[in-house]
Amino acid sequence: RAVNPFKIDVGAVYNAKPKDHKAFKSGAFTAMEREVVFDIDMTDYDDVRSCCQEANICPSCWVFMKIAVKVLDEALRTDFGFSQILWVYSGRRGIHCWIADETARKLNNSGRGAIADYMSVVVGGDNQSKKVLLPGALHPAIERAVEITAGYFDELMIRNQDFLSTPEKRNQVLNMFPAKTIQNDMGDWVSSPGDSKKKWSLLKSAWAEYSRARKQKNNAIKEVVLQLCYPRLDVNVTKGLNHLLKSPFSVHPKTGRVCIPFLAKDVDTFDPFTVPTLEQIIEEMGSWKEGEEGAKIPDYAKTSLKPSVELFKKFAEECHSKSGAVKEENKENKMDW
């Protein structure tokens, strides 16, 4: 298993080699730094997606991941000033984000928790109907998230998820509005037939009329949009300095797909269903015909992984360059941990 591990998780950098941890007194072997990470899993959207459930995904619900990447990447760069950000497909139903800036790596649990809390907008348990509550004056990050989400809303919620297609779904969305407002007046809207596009238009009109009659300015529509579409985070993954996360280029045991990195700017064209599988890579290597140029070609360059590996290498080189910590590589490449 030391030579051929079935799974590789990446954790923190410790103050000594992990293999020597038993030589330290309790509490003396400690984590010193690690990347700030985010884990977004499609199963956390099961209450608002109708096309799939649990571990299953399809192009219709993958749009949730597109929104997550765009919202989080923009916030991390604009609001926190991070630049060394790597997005990785998890191999099955989600995505991982690795933030490798030195200031991020040095954060303690409290600092990581502060970032996670800042990014958390949808909060509340399964039994809570309304999970987004916005103040009157919106923070620029929220305004930006609403703008990004609005660009996908019709495609994702109206066409793909048909989120108001049944009375049950309509009641679910109606309960995302402030309590004891329009709910009792929407009986016909709930029970009468109509597609999601029409129902959404009628619901927005009803709320506008309710607010206008009371001369109220509020963010109820934006709260509903964010509760349906905003990134849903596993904050415990982000908060823990010593939390493990699957290594990039691992192979998912269920799908056989490789956990490849991608750029946030390319998320709209990234297709998780065309990600190379282990079987595909083996076939590509087996069918490779050596040229006459003489130069040895690395194995990854003979497969569909080539652009992904090159993207990762470029990212790693930029991290070393920006940190000023370019060091001579271990030529023997010993796995001495």
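Scroll up for the structure.
The shown structure was predicted, so the numbers you read here are calculated from the model rather than taken from an experiment. (Residues numbered from 1 in each chain as written. Predicted model: local features only at pLDDT ≥ 70, side-chain atom pairs only at ≥ 80, totals over all residues. Heavy atoms only, no water.)

## Topic: the side chain of histidine 252
Condition: Only runs of H or I of at least four residues qualify as helices and only runs of E of at least two qualify as strands under DSSP, and these elements are numbered from the N terminus. Here's how the labels work: a residue is buried when its accessible area is under 20% of the maximum for its type, exposed when over 50%, partly exposed in between, all with a 1.4 Å probe on protein chains only. Any pair of N or O atoms that falls within 3.5 Å is considered a polar contact. Within protein, one atom must be able to donate a hydrogen and the other to accept it, and sequence-neighbouring residues count only if both atoms are side-chain atoms.
Relative to the assigned elements, histidine 252 resides in the loop between strand E7 (245–246) and strand E8 (261–262). The exposure class of histidine 252 is buried, given its relative accessible area of 11%. Among the polar contacts made by the side chain of histidine 252, one reaches the main-chain amide nitrogen of lysine 254 at a distance of 3.0 Å.

## What about the sheet that holds strand E5 (residues 85–89)?
Applied cut-off: Two strands are counted as paired when DSSP detects at least two bridges linking them.
Reading across from one edge, E4-E6-E5-E8 is the order of the 4 strands in this open sheet, with antiparallel pairing throughout. One side of each edge strand has no neighbouring strand; the edge strands of this open sheet are strand E4 (36–41) and E8. Across 6 bridges, E4 lies against strand E6 (residues 94–99) in antiparallel orientation. Bridge pairing in E6 places valine 37 opposite tryptophan 98.

## Remarks on the packing of helix H1 (residues 59–78) against helix H4 (residues 140–160)
What counts is decided by this rule: Geometry is summarised by axes, namely lines fitted to C-alpha atoms with helices restricted to the contacting stretch, and by angles between N-to-C directions that run from 0 to 180 degrees. For classification purposes, an angle smaller than 35 degrees is called roughly parallel, one larger than 145 roughly antiparallel, one from 65 to 115 roughly perpendicular, and anything else oblique. It only takes one pair of heavy atoms within 4.5 Å for two residues to be counted as in contact. Lys, Arg, Asp and Glu make up the charged group, whereas Ala, Val, Leu, Ile, Met, Phe, Trp, Tyr, Cys and Pro make up the nonpolar group; the residues left over, Gly among them, are polar.
Where H1 meets H4, the closest approach of the two axes is 10 Å, and the angle between their N-to-C directions is 180 degrees. By the angle class used here, H1 and H4 are roughly antiparallel. In contact with Pro59, Ser60, Val63, Phe64, Lys66, Ile67, Lys70, Val71, Glu74, Ala75 and Thr78 of H1, H4 contributes Arg144, Ala145, Ile148, Thr149, Tyr152, Glu155, Leu156, Met157 and Asn160. Across the contact of H1 with H4, the residue classes break down as 11 nonpolar, 4 polar and 5 charged.

## Quick word on a nonpolar patch on the surface
Using the following cut-off: A patch consists of residues whose relative accessible area exceeds 30% and which take part in no salt bridge; residues with like charges are grouped when within 9 Å of each other, and nonpolar side chains (Val, Leu, Ile, Met, Phe, Trp, Tyr) when within 5 Å. Where accessible areas are quoted, they stem from the Shrake-Rupley method and a 1.4 Å probe; at the residue level, only the protein chains shown are allowed to cover. Salt-bridge detection follows one rule: a side-chain nitrogen of Lys or Arg within 4 Å of a carboxyl oxygen of Asp or Glu.
A cluster of nonpolar side chains, Val251, Leu278 and Ile282, forms an exposed patch at the surface whose accessible area comes to about 240 Å². Along the chain, leucine 278 falls in helix H10 (residues 278–286). Looking at leucine 278, the relative accessible area reads 41%, which means it is partly exposed.

## Looking at the side chain of glutamine 227
Take glutamine 227: it is sitting in helix H8 (residues 220–229). On the accessibility criterion, glutamine 227 (2% relative accessible area) is buried. Engagement of the side chain of glutamine 227 in a polar contact is seen with the backbone oxygen of serine 129, the distance being 2.8 Å. Not counting residues within four places of it along the chain, the set of residues in contact with glutamine 227 comprises Val48, Val122, Ser129, Lys130, Lys131, Val132, Met176 and Arg232.

## Things to note about the pairing of E5
Of all 5 residues that make up E5, 5 are buried, and the element is covered over most of its length. Side-chain alternation along E5 places Ile85, Trp87 and Tyr89 on one buried face and Leu86 and Val88 on a second face that is also buried. Across 5 bridges, the pairing between E5 and E6 is antiparallel. Looking at E6, one finds that valine 88 is bridged to histidine 96. Counted between consecutive antiparallel strands, the loop separating E5 from E6 contains 4 residues, among which glycine 91 sits at a positive phi close to 100 degrees. Sheet topology places E5 next to E8; 2 bridges connect them, and they run antiparallel. Within E8, the residue paired with tryptophan 87 across the bridge is phenylalanine 262.

## Quick notes on the packing of aromatic side chains
Definition in use: Two aromatic rings, drawn from Phe, Tyr or Trp (for Trp, its six-membered ring), form a pair once their centres lie within 6.5 Å of each other, and the interplanar angle then sorts them: stacked below 30 degrees, edge-to-face above 60, tilted otherwise.
For the structure on display, the rule yields 15 aromatic pairs. Here the aromatic rings of phenylalanine 24 and phenylalanine 29 are separated by 5.8 Å at their centres, their planes lie at 50 degrees, and the arrangement is tilted. Using a relative accessible area of 33% as the deciding quantity, one classes phenylalanine 24 as partly exposed. Judged by relative accessible area, phenylalanine 29 falls into the partly exposed class, the value being 22%. By the ring-pair criterion, three or more aromatic residues cluster together here, those being Trp62, Tyr89, Phe262 and Phe270.

## Regarding the nonpolar core
Quick reminder of the rule: Think of a nonpolar core as a cluster: buried Ala, Val, Leu, Ile, Met, Phe, Trp, Tyr and Cys residues, connected wherever their side-chain atoms sit within 4.5 Å.
One finds Phe38, Ile40 and Trp87 to be the most contacted residues of the largest nonpolar core, which totals 77 residues. The leading source of residues in this core is H1, at 12 residues. Ignoring anything within four residues of it in the chain, the contact list for tryptophan 87 reads Ile40, Ala68, Val69, Leu72, Asp73, Ile95, His96, Cys97, Ile260, Pro261, Phe262 and Ala264.

## Section: the pattern of salt bridges
Between side chains of opposite charge, a pair can form when the charged atoms approach closely. Evaluated as defined, the whole model comprises 15 salt bridges. Lysine 106 serves as the salt-bridge partner of glutamate 33, at 2.8 Å between the closest nitrogen and oxygen. Taken together, the residues glutamate 33 in strand E3 (residues 31–33) and lysine 106 in the loop between helix H2 (102–105) and helix H3 (109–119) connect sequence positions 73 residues apart. The exposure class assigned to glutamate 33 is buried, which follows from its relative accessible area of 15%.

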